[in-house]
Amino acid sequence: MHLRAVCTLQYGLMAVLASLMTAPAIAQEDLKKELEELRERVTDLEDTSDEVDEKLGSRALAKAFSAMELSVGGHIVNVFPFYDGEDSSTGGHYAMFTELFIRAQVADNWSLMATPGFYAASTTSQADPNNPSITKSLGSPTHGVLTTRAYLEYSDSDELRVRAGVFGTPHGVINRLYFIPSRLMMQTPMMERPFTANQVYAQYLAGVSAGGKLRVGEAGDRFEYDAYVGVETDDPADQEIGGRVAYHSEALSTTFSLNAGGGRRPDFTSVTGRPSSFNVAVANPFPVYSNSRNRYLFYGIETETNLEKAVIKTQLYKSSEEDLQDKIGGFAQGTYFVTPTVGLTYRFDYYNAGHNRGIAREHGFGLVWDVASNVRFQLQGFHQQQPVLDADLNYILAGFSVAF
Amino acid sequence: MKSILCVTILLSAGIPGERHPADSAAGRSSYAVIVNEKNGYGESGEAAKTLIKQLFLKELKNWPDGEKAKPFDQKGGSDASQAFQKGVLGMSKAQVARHWLNMKNRQGTTPPKSVSSDRKVVKYVAKYKGALGFVKAAAAKKKGVKVLFTF
């Protein structure tokens, strides 16, 4: 309605201008006054329209009750893995994850961020990232709600940002980027796959984190830092602490980071023995055994390079376990964009989860196609050399994601 | 009759401040990055271009003096937007799209507000001290804004 009024007034202005050019000189003063008045009215209407637009966002449908600014978005991820064991066993499942991003700027330096997620999946260890179970029964769908991030943030500058609530840890190149959806897919490296007792570092915590970044020189380089203390949401008994420092070189389009942390492993005493099937094994190549609760420290390095036609990600982590053998894992992944929207990926993933459970290696080949700026199709094939089972495993993952 | 003729001439000349389609022939136009006239940032050249890139992509939130940056974009697909992506960001449209998906995933950060004309960009940049935007060079000579660099 505002826009229509603005248009009408603009045409009115033109008509007045046209009249000005033809009217007798005596009437010109009156017309000029009228023109000024119309101009003011147009400006007022435009300001009102801008104000409404500013509050709602140009594409938002909802109005924030008390926030200065409200952003709502999300994504839907669907994956359909198919497993083909070299012992002739096969399996498959599906997983669907819908995650909403809700961010409200509640005051100048204060904001709220929440990402409620809704998932549905067939019952495998990949299905429920919050509470993995090791059943292999398919055809019995599970579903639920998961809030992977919900925090209050204070930030008055680039140098300081403090978050309190449930937040993602700063470790892991893919963990930082894809976060929880990656646990539903095999996009995450083996060191991050369920179960949490098998992971090198925690992926998300309830607690407090602080961090920021500093400009270094005028060439665009940055120094970044993060530190946190918190508890795993499914294991609130013990604190985890950690941090990350990173240096971004604009000239190399690369970020180098150092990571360290520690805590106590969560207990999954009910999950023991070898993986009972391939579709379980792919999620977690290593069996978790009783009394896995023990103190640990970890250290890791990462690099992330973003070029116009290629993205390269690497990381190497090692843990120091109090009662168990140490874990060591790493991966190198390169994506080459054949066209601006079609990329080919290869990843080599290595993980030794410690305690004489063998070494798993995985080769992954992928094709991603960004059909539109917010729609992605993906097709990936993996070959996993199993540490425990008697035969290796091949699996294919097809899926798509839509962001809004 | 004369009035109708004049209105027709005015309409065909376009609304003042809006870009005429004939101006948009690729390669002929030069564009300017503008900031609020009260902005104290004094660098130019590559250093300024790098900072503008980081502020526009929201990798940094503040100007060096601590003022909060408020970037404005032009409608996607416009000549100005394409020229800015190529000349200042040094990124393809697909790269920019991936960047904003990543920023949203990581911290819920959304792209800069997108507006539909040079006139509106100038108006917003003149309104907010930390604002920045890009317009056709010819449209940059307005009260309340100053040119940081052209591309």
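Please refer to the structure higher up on the page.
Residues numbered from 1 in each chain as written. Chains lettered and ligands numbered in written order. Predicted model: local features only at pLDDT ≥ 70, side-chain atom pairs only at ≥ 80, totals over all residues. Heavy atoms only, no water.

A.B. asks: For this particular structure, what's the right way to read the pairing of strand β7 (residues 204–216) of chain A?
C.D. replies: Each regular strand carries side chains that alternate between the two faces of the sheet. All names here are of chain A. The pairing of strand β6 (residues 160–168) with β7 spans eight bridges and is antiparallel. Bridge pairing links arginine 161 to glycine 211 in β7. Counting the residues in the hairpin turn of β7 and strand β8 (residues 221–232) gives four residues, including glycine 217, whose phi is positive at 70 degrees. (Pairing = 2+ DSSP bridges. Helix = DSSP H or I, 4+ residues; strand = E, 2+ residues; numbered from the N terminus.)

A.B. asks: Just checking my understanding: could you explain the interface of chain B and chain A for this structure?
C.D. replies: Interface size, as often reported, equals the accessible area lost upon joining of the parts. Contacts between the two partners involve 40 residues from chain B, matched on the other side by 49 residues from chain A. Roughly 3900 Å² is buried in total at the junction of chain B and chain A, and carbon and sulfur atoms are behind 48% of that figure. When the buried area of chain B at its contact with chain A is split by residue, Arg98(B), Asn105(B) and Arg106(B) rank highest and sum to 16% of it. Taken together, the connections running from chain B to chain A amount to six salt bridges. Residue Arg222(A) pairs with Glu59(B) through a salt bridge whose shortest N-O separation is 3.5 Å. Summed over the shared surface of chain B and chain A, the number is 18 residue pairs in polar contact (both at pLDDT 80 or more). A per-element tally of the side of chain B that touches chain A places helix α4 (residues 93–107) of chain B first, with ten residues. A class-by-class count of the residues in the side of chain B that touches chain A yields 15 nonpolar, eleven polar and 14 charged. (Contact = heavy atoms within 4.5 Å. Buried area = accessible area lost by both parts, 1.4 Å probe. Salt bridge = Lys/Arg side-chain N within 4 Å of Asp/Glu carboxyl O. Polar contact = N/O pair within 3.5 Å; in protein donor to acceptor, adjacent residues only side chain to side chain. Nonpolar A, V, L, I, M, F, W, Y, C, P; charged D, E, K, R; others polar.)

A.B. asks: Is there a simple way to think about the nonpolar core in this case?
C.D. replies: For soluble globular proteins, nonpolar side chains are generally found buried alongside one another. Val33(B), Ile52(B), Trp63(B), Phe84(B) and Leu148(B) are the most contacted members of the largest nonpolar core, which has 26 residues in total. The dominant element in this core, judged by the number of residues it contributes, is helix α2 (residues 45–56) of chain B, at six residues. Other than its neighbours up to four places away in sequence, Val33(B) contacts Ile52(B), Phe84(B), Val88(B), Gly133(B), Phe134(B), Lys146(B), Val147(B), Leu148(B), Phe149(B) and Phe151(B). Within the second largest apolar cluster, 17 residues are counted, among which are Met190(A), Tyr201(A), Tyr296(A) and Ala360(A). (Core = buried A, V, L, I, M, F, W, Y, C linked by side-chain atoms within 4.5 Å. Buried < 20%, exposed > 50% of the residue type's maximum accessible area, 1.4 Å probe, protein only.)

A.B. asks: I would appreciate a short explanation of the side chain of Gln199(A) in the present structure.
C.D. replies: All names here are of chain A. Mapped onto the fold, glutamine 199 is located in the loop between α4 (181–184) and β7. With a relative accessible area of 1%, glutamine 199 lands in the buried category. For glutamine 199, the side chain forms a polar contact with the main-chain oxygen of glutamate 192, separated by 2.7 Å. A distance of 3.5 Å separates the side chain of glutamine 199 from the side chain of glutamine 203, its partner in a polar contact.

A.B. asks: I tried to follow the pattern of salt bridges on my own but got confused; where do I start?
C.D. replies: When the charged atoms of two side chains lie near each other, side chains of opposite charge can form a pair. Inspection of every chain in the model, using the stated rule, returns 19 salt bridges over all chains. Salt-bridge contacts for Arg215(A) lead to Glu218(A); the nearest nitrogen and oxygen are separated by 3.4 Å. Residue classification places Arg215(A) among the partly exposed residues on the basis of a relative accessible area of 27%. Asp370(A) serves as the salt-bridge partner of Arg376(A), at 2.7 Å between the closest nitrogen and oxygen. A residue is classified by how much of its surface remains accessible, and Arg376(A), at 19% relative accessible area, is buried. For Asp370(A), a relative accessible area of 11% puts it in the buried group. Linked by salt bridges that have partners in common, Arg176(A), Glu302(A), Glu304(A) and Arg106(B) make up one network.

A.B. asks: What should I look at first to understand helix α3 (residues 79–89) of chain B in this one?
C.D. replies: Every α-helix carries 3.6 residues per turn, so stepping three or four residues along brings you back to the same face. Residues and elements named next belong to chain B. Those residues of α3 not exposed but buried are Ala80, Ser81, Phe84, Gln85, Val88 and Leu89. Buried residues in α3, looked at end-on, bunch into an arc of 135 degrees, giving them a common side. Here the buried face of α3 lies against β1 (31–36), α2, β2 (70–74), α4, β4 (131–136) and β5 (145–150). Downstream of α3 by a residue or two, glycine 90 has a phi angle that is positive, lying close to 65 degrees. (Arc of directions from axis to C-beta.)

A.B. asks: Please clarify how a nonpolar patch on the surface should be interpreted in this entry.
C.D. replies: All names here are of chain A. Together, Leu214, Val216, Phe223, Val245, Tyr247, Leu258, Ile301, Leu316 and Ile328 give the surface a local cluster of nonpolar side chains, amounting to about 690 Å² of exposed area. Within the secondary structure, leucine 214 sits in strand β7. Given a relative accessible area of 36%, leucine 214 falls into the partly exposed group. (Patch = residues over 30% accessible without salt bridge, like charges linked within 9 Å, V, L, I, M, F, W, Y side chains within 5 Å. Areas by Shrake-Rupley, 256 points an atom, 1.4 Å probe, with all protein chains shown as cover.)

A.B. asks: What exactly am I supposed to notice about the packing of aromatic side chains here?
C.D. replies: Each aromatic ring pair is specified by the distance between its two centres and by the angle formed by the two planes. Counted by the stated rule, this structure contains 17 aromatic pairs over all chains. Centroid distance Tyr31(B) to Phe151(B): 5.8 Å. Interplanar angle 25 degrees. Geometry classified as stacked. Of the two residues, Tyr31(B) is situated in strand β1 and Phe151(B) in the segment after β5; the sequence distance between them amounts to 120 residues. Among the aromatic residues, those joined into a ring-pair cluster are Tyr31(B), Phe56(B), Phe84(B), Phe134(B) and Phe151(B). Note that Arg98(B) overlies the ring of Phe337(A), its terminal NZ or CZ placed 3.8 Å from the centroid. (Phe/Tyr/Trp six-rings, centres within 6.5 Å; stacked < 30°, edge-to-face > 60°. Lys NZ or Arg CZ within 6 Å of the ring centre and 35° of its normal.)

A.B. asks: Whenever I open this one, unusual backbone geometry confuses me. Can you help?
C.D. replies: Residues apart from glycine generally show negative phi values, whereas peptide bonds are mostly found in trans. Phi is positive for Ser253(A), close to 50 degrees, though the residue is something other than glycine. Position of Ser253(A) relative to the elements: it lies in the loop between β9 (235–249) and β10 (254–264). Residue class for Ser253(A) comes out partly exposed when judged on its relative accessible area of 24%. Positive phi, close to 60 degrees, is recorded for Lys58(B), a residue that is not glycine.

The quantities given are spatial measurements derived from coordinates; they are silent on function.
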